[in-house]
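# Geometric and topological summary
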Amino acid sequence: QTCALPILQPLLSIIVPVYNEEATIGSVLDRLLGIPFPMPIEIIAVNDGSKDGTRQALDAAAARSPLVTAVHQERNGGKGVALRTGFARTRGTIVAIQDADLELDPAQLLTLIEPIIQDRADVVYGSRFMGDTSHVPVMSRLGNMALTMATNVLYGTKLTDMETCYKIMRTDVARSLDLTADRFDIEPEITAKLLRAGHRIAELPVRFSPRSRASGKKIGWKDGVAAVVTLVKYRFSR
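The following paragraphs examine the structure supplied in this document. (Residues numbered from 1 in each chain as written. Predicted model: local features only at pLDDT ≥ 70, side-chain atom pairs only at ≥ 80, totals over all residues. Heavy atoms only, no water.)

### Some thoughts on the sheet that holds strand β2 (residues 41–48)
Reading across the sheet, the 7 strands line up as β3-β2-β1-β4-β6-β5-β7 and stay open at both edges, with mixed pairing between neighbours. A single partner strand is all that each edge strand has here, and the edge strands are β3 (68–73) and β7 (201–205). Within this sheet the neighbouring strands show an average axis-to-axis angle of 20°, counted without direction. Sheet strands in contact with helix α2 (residues 54–64) are β1 (9–18), β2 and β3, and its direction is about 155° off that of β3. (Pairing = 2+ DSSP bridges. Helix = DSSP H or I, 4+ residues; strand = E, 2+ residues; numbered from the N terminus. Axes fitted to C-alpha atoms, helices over the stretch in contact; angles between N-to-C directions. Contact = heavy atoms within 4.5 Å.)

### Section: a nonpolar patch on the surface
Residues V138, M139, L142 and M145 make up a contiguous nonpolar surface patch of about 430 Å² in total accessible area. Within the fold, M139 resides in helix α6 (residues 138–155). In this structure M139 comes out as exposed when scored by relative accessible area, which is 66%. (Patch = residues over 30% accessible without salt bridge, like charges linked within 9 Å, V, L, I, M, F, W, Y side chains within 5 Å. Areas by Shrake-Rupley, 256 points an atom, 1.4 Å probe, with all protein chains shown as cover. Salt bridge = Lys/Arg side-chain N within 4 Å of Asp/Glu carboxyl O. Buried < 20%, exposed > 50% of the residue type's maximum accessible area, 1.4 Å probe, protein only.)

### Here we look at the packing of helix α1 (residues 25–33) against α2
Geometry of a packed helix pair, given as the angle between the helix axes and the separation of the axes. Two elements in contact, α1 and α2, have axes separated by 9 Å at closest approach and are oriented at 25°. Here α1 is positioned roughly parallel relative to α2, judged by the angle of their axes. The handedness of the crossing between α1 and α2 is right-handed. Contacts between α1 and α2 involve I25, L29 and D30 from the first element and A57, L58, A61 and R64 from the second. The residue inventory of the contact of α1 with α2, partitioned by class, reads 5 nonpolar, no polar and 2 charged. (Parallel < 35°, antiparallel > 145°, perpendicular 65-115°, else oblique. Left-handed = near helix turned anticlockwise from the far one by under 90°. Nonpolar A, V, L, I, M, F, W, Y, C, P; charged D, E, K, R; others polar.)

The structure is reproduced here in structure tokens:
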């Protein structure tokens, strides 16, 4: 049995996948609520089986604002599962993804949605690597360069940041992707399917403050291998 997707309305849907981010999720949501977006918004925060105080922080935020919906998953399924859960609940005509760790300032979404509102793009990527990257750890820079280069070679494009969290798109585009990835391989899956379908992708520079694994960063080298496998899989599959 399948559930009907929500009817789209002229608003911005912001999906926030969350796993063990009790220290930052409240600030992320407060910042999102304080942005003067040119259209109504909804925020769908998906708690992906967190084991800290994330559930309580999300419930408190939802109690403070009717614009915040807290969705709790009892088991940790991965970022891909959290995003698919959020996409299924999206009611807006534009959907944006915001991470919960404050590496990226939510205020930047105000600029990133403009090309879609103005119909200059179907999708906007917020690129962390279009400007100065001297503050980014060397291994992070090299890893991202390798994955983005693989994307460009395989798909004949010129992206600068395939792995960015900031992927904003029309909701009808998001719904057409038929996403299946459960973990961080959701990022290359989204990119591969967007490129195969010929959607217009614009990139705009964003500022970010990278954090280390010691401070909570979760992605690792195994996720990089999975990303390459995903890129190759969708490049040559029918």
